[in-house]
Every structure is written in C-alpha cells, then in structure tokens.
Amino acid sequence: MFVNDQRKTILVRYGEIGLKGKNRSSFESALIRNMRSALEGVQGLKILREHGRIYVQYDDSTEKVAEKLSRVFGIVSLSPVITSRPDIEDIKRKALEGALKAGCRSGVSFKVETRRADKRFSITSPEVSRLAGGFILENIPGLTVDVHNPQVVVHVEIRAHDVFVYSTSIPGPGGLPVGVTGRGALMLSGGIDSPVAGWLAMKRGIKLVGVHFYSFPFTSERSKEKVLDLSKVLASYGGKFPVYVVPFTEIQKQIKVKCPESLYVTIMRRMMFRITEAICAKENCSSIFTGENLAQVASQTIESIAVIEEVVSLPILRPVITMDKTEIIEVAKRIGTYDISIRPYEDCCTIFVPKNPATKPKLRDAEAAEELMGNYQDLLEQAVENSEIYGV
Ligand code: ATP
Ligand code: MG
C-alpha cells in the first residue's frame, strides 16, 4: 500500500484509553480534520487511517511536518518511517537505511527490535531482528550490538502489506482533538496564567474563542498586540480562532466614579464575566475558561470567586487554579507563551488596583455598589457591540 508511493511517511499514534464506540469515531474524525488543517500548505499531503493508526504522506520536509503534527492534540507520538515490502531482503536494506539515518556508525551501539502484527509473514520476529541486525553490522564497521542499553533502536514493524522501519518517536501533546468537547470562551489577559489555561482547555478538546478586555489609552496598543501574539501561539496548537478585544475603559471609569474603592476589582470582574457570557451566547460557547489561580491576588480568594461568579450561569473552568506559579511557568515555557507574557506592558487590571481591595467581599455590598452605577446594562451591550474581532 505504501511502498510504491514515492512520498515520505509519518506514522501517527493516537488514542485516549477508555474512549469507546461513538466517542472513539468522533475522536478519530476530529483528529484527522485538525491534522489536515494543521498541515495546510504541505506538498503532496495524503492522510490515511488504518487499524487504529494514522499515516501521513507528504513531499515536504519531515522536520516541518513533524513539528506541526507534534502540536495537534490527540496525538500521542509520531515516527517518520521508511517503508518496505514484506520481503526479508527489502527489510534488510531498509533497516540499514534506517540505522544510518538514526546515526549508527563506528563506536555506536544498537539493536533491532521487530514486531509482527501479521503472522502470515513466515519469519519470526527474533529471526527478522537477527537477520536485519547482522546485515547492518556487516555494512557499518565498528558498530556494536547492545541488547540491553543500545544508543539506537531500529524498529521493524511487519504488517499485512507493508513493513515500517523507524528509530525515533516524537512525543505529541496527547489529550483530545480540539472541538470534540465543544466551544469555550477564554478570558485572555496578557499575563502568564490565562494562555496556559487556554492551552489546557484545548488539550481537553475545547475550541476557543478569545476575550480580551482592553482599556485604551490606559493600556497601550502594544498590550493588545501582546494578547494577539499569545493567541497566535495558542492557534498554532488548536487552529485559528476569533479573539474579541472588548473596549473596557468606559466601564472602568464608571466603576471608579460610582463604586466604593475596596470593591473596584470585584465589580470590574463581575462586569467582565457578564460581557464574556454575552459573547458566549453570540459564539455558541458553553463554558468560560480563566487563568485564575487560588490566592494569588485579592480577587482570587474563595470568597471573591463566589461573589464574582454569581453573575453568570455558564460553567466557569479554571484549569490552573491549583497549580503553583512555578508549575504554570514551566508549562508556559514549554508551549512558547512565556516570553510573550513577560513583555512589560501593563494590563487593564494593574492600572486599576485599589490600595485595599476587599479580600472577602459580600454579595449584598457588590450588588449595592452596582445599584450606584445605574443602568450599566447599556454599557455592557455597547462593549460587546464595539468589540473588535480578530481572526488569529
Ligand atoms: P494572568 O496571568 O492570566 O493575567 P493573573 O494571575 O494576573 O492572571 P488576574 O489579573 O486576577 O490574575 O486575572 C485572573 C484571570 O482573569 C486571568 O487569568 C484572565 O483569565 C482574566 N483576566 C484578567 N484580566 C483580563 C483582561 N484584561 N482581559 C481578559 N481576561 C482577563
Ligand atoms: Mg494578569
């Protein structure tokens, strides 16, 4: 099936233990759809599904294709493979080619490991390993065999019509294909935490819609750019998504003029959630994600969270709530958002921090403060209406 095709091939392993029946097939079709969009523009692309495996064929650079695939959620690992006919002479030649590619040379140790998924192939796995290994040794002077702790393992996998030779396994991000668990709004600041929360949401299959509150001129054009750059990094994993940049200055001004200072943050965050829920209705999102982290700041005590989340009825999910800052930073570095997040532009919260924020606000005090704002509903509607929507 593959050997007569001149294209290069990558073997993709996927799967979440425990997925069954209908869930399994929607997982597979979503995964293939997402792989296709991640590989848009790749020359000669062909994606095949067979026996719980996916094969990607292409005429492009392997590094480029592997790099793009290693960001697609649902993929556990991938291996660039050399294909061979189920014929021992061809297997030996391809195993040698694979060994050379993997760095086998004088002074290096290796072994061949064979798996026979199709038992109709008449030579046993240990025998294939012995024959292919012997052929490699004959052709690479100074190479040694080490069956316990080799530097290179040449894998030979024998299937009904094809044999695959590979020696590297590149990890994928795991998780579920983006889209299978629905759409969710991510409240995205320019900080370290919310992009990580968004990445973790995507990892569990959520298709994001970004929501950023923007307080021009108190926050600069640069801080908006930063959020869009963060969104682009997230999109490199989960595919393109819309980002709402919500003008928030007027609402903040009204809060500052009309509400008691100790409740600024509480009221501001209640307004943010109300607006986010309105965007969810427009965008067909059934959940809200934030980068909130327990007890990091005044608004993140359990008492604050209770008073703030009371304004919305959609589930609010906080993937980093229990993580230590160092753990969040570790993920941020790994996924490529950290360097953007630490750019020094202020966000709309830092310019708006009261001297003594309430750490245990009371719901009735928050409601009384909002009464003082009069008809804020119009302000919220205008904010949604005047949002700029970017496709990243
Ligand atoms: P982050 O590192 O994500 O900025 P933080 O530790 O600074 O979070 P807060 O400022 O209290 O904490 O914000 C908590 C969460 O509220 C953020 O993670 C984000 O989800 C949301 N949020 C805060 N500011 C904004 C904003 N300007 N636009 C959109 N969402 C915001
Ligand atoms: Mg922040």
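No experiment lies behind these values; they were computed from the predicted model shown.

Asks: Account for the domain arrangement of the protein chain, naming residues and giving values.
Replies: Domain boundaries assigned for the protein chain yield domain 1 (8-171) and domain 2 (182-390). For domain 1 versus domain 2, the distance between C-alpha centres works out to 44 Å. Across the contact, 4 residues belong to domain 1 and 7 residues belong to domain 2. For the pair domain 1 and domain 2, the summed buried surface comes to about 550 Å²; carbon and sulfur atoms form 53% of the total. Its largest share of buried area at the contact with domain 2, domain 1 owes to Glu16, Arg71 and Phe73, together 92% of the area lost on that side.

Asks: Can you lay out the environment of Arg120 for me, pointing to particular residues and giving the numbers?
Replies: Mapping Arg120 onto the fold places it in the loop between strand E5 (109-116) and helix H4 (125-139). Residue Arg120 is classed as exposed on the basis of its relative accessible area of 69%. Between the C-alpha atoms of Arg120 and Arg159, which are 39 residues apart in sequence, the distance is 9.2 Å. Within polar-contact distance, the side chain of Arg120 engages the side chain of Asp118 at 2.8 Å.

Asks: Describe the pairing of strand E10 (residues 183-187), listing the residues and the values that go with them.
Replies: Among the 5 residues of E10, 4 are classified as buried, and the element is accordingly described as predominantly covered. Here E10 pairs with strand E11 (residues 207-214) via 5 bridges, running parallel. By the bridge assignment, Ala185 is partnered in E11 with Val209. Each parallel crossover has a hand, and for E10 linked through helix H5 (residues 193-203) to E11 it is right-handed.

Asks: Could you give me a rundown of the sheet that holds E11, with the residues and numbers involved?
Replies: If you trace the 6 strands from one edge of the open sheet to the other, you get E14-E13-E10-E11-E12-E15, paired in mixed fashion. Each end of this open sheet is capped by a strand with a single partner; those strands are strand E14 (316-317) and strand E15 (388-391). The sheet contact formed by strand E13 (residues 288-289) and E14 spans 2 bridges and is parallel. Residue pairing for E14: Phe289 is matched across the bridge by Leu317. Where helix H8 (residues 264-283) meets the sheet, it contacts E10, E11, strand E12 (242-247), E13 and E14, and its direction lies at approximately 140° from that of E11.

Asks: Please give an account of the packing of aromatic side chains that cites residues and values.
Replies: Under the criterion given, the structure shown has 7 aromatic pairs. Geometrically, the ring pair formed by Tyr14 and Phe27 is stacked, given 6.0 Å between the ring centres and 25° between the ring planes. Of this pair, Tyr14 sits in strand E1 (residues 8-14) while Phe27 sits in helix H1 (residues 21-38), and the two are 13 residues apart along the sequence. Residues Tyr14 and Phe27 agree in their burial class; the two are buried. Of the aromatic side chains, those joined through ring pairs into one cluster are Phe73, Trp199 and Tyr237. Here the basic side chain of Arg13 rests over the ring of Tyr166, its NZ or CZ set 5.1 Å away from the ring centre. Sitting above the plane of the Tyr338 ring, Lys333 keeps its charged end 4.9 Å from the centroid.

Calculation rules
- Residues numbered from 1 in each chain as written.
- Chains lettered and ligands numbered in written order.
- Predicted model: local features only at pLDDT ≥ 70, side-chain atom pairs only at ≥ 80, totals over all residues.
- Heavy atoms only, no water.
- Domains from an automatic or database assignment.
- Contact = heavy atoms within 4.5 Å.
- Buried area = accessible area lost by both parts, 1.4 Å probe.
- Helix = DSSP H or I, 4+ residues; strand = E, 2+ residues; numbered from the N terminus.
- Buried < 20%, exposed > 50% of the residue type's maximum accessible area, 1.4 Å probe, protein only.
- Polar contact = N/O pair within 3.5 Å; in protein donor to acceptor, adjacent residues only side chain to side chain.
- Pairing = 2+ DSSP bridges.
- Right-handed = clockwise from strand over helix to strand, strands pointing away.
- Axes fitted to C-alpha atoms, helices over the stretch in contact; angles between N-to-C directions.
- Phe/Tyr/Trp six-rings, centres within 6.5 Å; stacked < 30°, edge-to-face > 60°.
- Lys NZ or Arg CZ within 6 Å of the ring centre and 35° of its normal.

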